[in-house]
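So you can see what is in the structure, the chains are spelled out below.
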2 protein chains.
Amino acid sequence: MGLSVKISELSTLAGVNVATIKFYIREQLLPAGELVKPNQAEYDDSHVRRLRLVRALLEVGGVPIATARDVLSVVDSTESIFRALGVAQKSVSPVIDQTAISPASLKSVDAVLTGWAIEPHNPGRLAAAQVFSAFTEDDGSTGVSESWYAAYAKAARDVAVADMAEVDRRPDRASKVEMVIMGTVLGDVLFAAFRRAAGESVAAGAQQAQC
Amino acid sequence: MGLSVKISELSTLAGVNVATIKFYIREQLLPAGELVKPNQAEYDDSHVRRLRLVRALLEVGGVPIATARDVLSVVDSTESIFRALGVAQKSVSPVIDQTAISPASLKSVDAVLTGWAIEPHNPGRLAAAQVFSAFTEDDGSTGVSESWYAAYAKAARDVAVADMAEVDRRPDRASKVEMVIMGTVLGDVLFAAFRRAAGESVAAGAQQAQC
């Protein structure tokens, strides 16, 4: 509370070097400090928090700078949390050419996601259809069993419920929106990471069982 | 069974144009066809299946060509399925500088993954530690609740069990290894896709409840 520091101290506090902080300010990812003398600006808690968000997006999430700027503009706006989720999701979703997706694949995705409240243009629906296409055999069979798809859908839903609970726990709009963004971007990375670990662990268990 | 076609027919069957097939052969992603005349080669079922795998890796998984070559070399070898999993996992894991990860973050990851059979250098363990670091507050608190991390770990484990069941269902080594690779690479894309859909669906439900 009431933090008021020079850029050098902000650098130490946030673990980001001064040149990088200046770069973020030029790129409008971080608001400029408050000028207290003609050549000295002061920074507060909001800068420390924003720096954490910027680094999470760029360094851990691998989000391009222009996209990060769009995502961060939602934090500073009065947009709803639901809208923030949409922007954050779009930032980490590949652009998909809808015309390249077969209607059969979309139908299979919709069958797995029966009862989910999603718009037809949800980026996840289209990306899932692309994966379904990749698995589909030449004779039109699905290639993998329905239970495999169902396990992924259930896991994704469990995680989305945990995300929402974590957002609900936050006290105010700003920290809720921050969690939506961090959760969306870092959640993918975290899940893929845990999946690597789980894959090794489950396979090691199976290998053990065969000995 | 017993398919034997010219490159133009292979192109039609697999939905990949002839120039692209030739490119894959030059890049050693696809074995050359069998020469039946000095300027005519024939292709069989194995080429159709390999083309599906190549496209899944490059187009849906976004794997670089050199990495795809390494992954595919495991399919053609007699390496164990466990080893195939390791190579496939590495192909979709970012290279992480272990010295940049704080011991505290690694300790937190290990606490969440208690009881998992993984090696210290598992790429997922290190990537997860990076995410933990990104969430950690300046005062050292974790930023997000333990139950959030636990939900992700459980979902990842559920998915790994489904992956293993799907591999077990395959009749022979070649198709098992193919599933390990497709599952590892496309599974990340599928989960992220379903997570986009689940996020919208769960948030829409919460919004509805507030009305």
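In this convention, every chain numbers its residues from 1, walking through the sequence in written order. The order in which chains are written sets their letters, starting at A; the order in which ligands are written sets their numbers, starting at 1. Reporting in this predicted model follows two pLDDT cut-offs: at least 70 for local features of residues, and 80 or more for side-chain atom pairs to be given and counted; totals over whole chains, interfaces and linings ignore these cut-offs and use all residues. Heavy atoms from the whole structure form the basis of all side-chain values; hydrogens and water molecules are not counted.

**Observations regarding the pattern of salt bridges**
Opposite charge on two side chains permits pairing when their charged atoms draw close. Salt-bridge detection follows one rule: a side-chain nitrogen of Lys or Arg within 4 Å of a carboxyl oxygen of Asp or Glu. Taken as a whole, this structure holds 23 salt bridges over all chains when the rule is applied. Of the charged contacts, one joins Arg195 of chain B and Asp188 of chain A as a salt bridge, the two residues approaching to 2.7 Å between their closest N and O atoms. With one member in each of two chains, Arg195 of chain B in helix 9 (residues 173–210) and Asp188 of chain A in helix 9 (residues 173–210) form a pair that bridges those chains. Only protein chains enter the calculation, and the probe is 1.4 Å; a residue is then buried if its accessible area is under 20% of its type maximum, exposed if over 50%, and partly exposed in between. On the basis of relative accessibility, which here comes to 4%, the residue Arg195 of chain B falls in the buried class. Classification of Asp188 of chain A as buried rests on a relative accessible area of 18%. Because the salt bridges share partners, they merge into one network encompassing Asp163 and Asp188 of chain A together with Arg195 and Arg196 of chain B. Only DSSP runs of H or I with at least four residues qualify as helices, and only runs of E with at least two residues qualify as strands; both kinds are numbered from the N terminus onward.

**A closer look at the packing of helix 3 (residues 45–60) of chain B against helix 4 (residues 65–76) of chain B**
Residue and element names in this part refer to chain B. Direction vectors running N to C along helix 3 and helix 4 enclose 140°, while the axes themselves pass 10 Å from each other. For the crossing formed where helix 3 meets helix 4, the hand is right-handed. Only Ile65, Ala68, Val71, Leu72, Val75 and Asp76 of helix 4 make contact with helix 3, whose side of the interface consists of Arg50, Leu53, Val54, Leu57 and Leu58. A class-by-class count of the residues in the contact of helix 3 with helix 4 yields nine nonpolar, no polar and two charged. Axis definition: a line fitted to C-alpha atoms, over the contacting stretch in the case of helices. Angles run 0 to 180 degrees between N-to-C directions. Definitions for this section: a left-handed crossing has its near helix turned counterclockwise from the far helix by less than a right angle. A right-handed crossing has that turn clockwise. Note on definitions: a residue-residue contact is assigned when non-hydrogen atoms from the two residues lie within 4.5 Å. Ten residue types, Ala, Val, Leu, Ile, Met, Phe, Trp, Tyr, Cys and Pro, are classed as nonpolar, four, Asp, Glu, Lys and Arg, as charged, and the remainder, Gly among them, as polar.

**Things to note about the relation of the copies chain B and chain A**
Relating the two copies of this chain is a rotation about some axis coupled with a shift parallel to it. Structural alignment of chain B on chain A gives an RMSD of 0.0 Å, achieved by rotating through 180° and translating 0.0 Å along the axis. The transformation relating the two chain copies, once decomposed into turn and shift, fits a two-fold axis. Minimal C-alpha separation from the rotation axis in chain B is found for Ala155 of chain B, amounting to 2.4 Å. Both copies present the same face, since 100% of the interface residues in chain B are matched by interface residues at the equivalent positions in chain A. Least-squares superposition aligns the copies on the C-alpha atoms of those residues with pLDDT at or above 70 in both.

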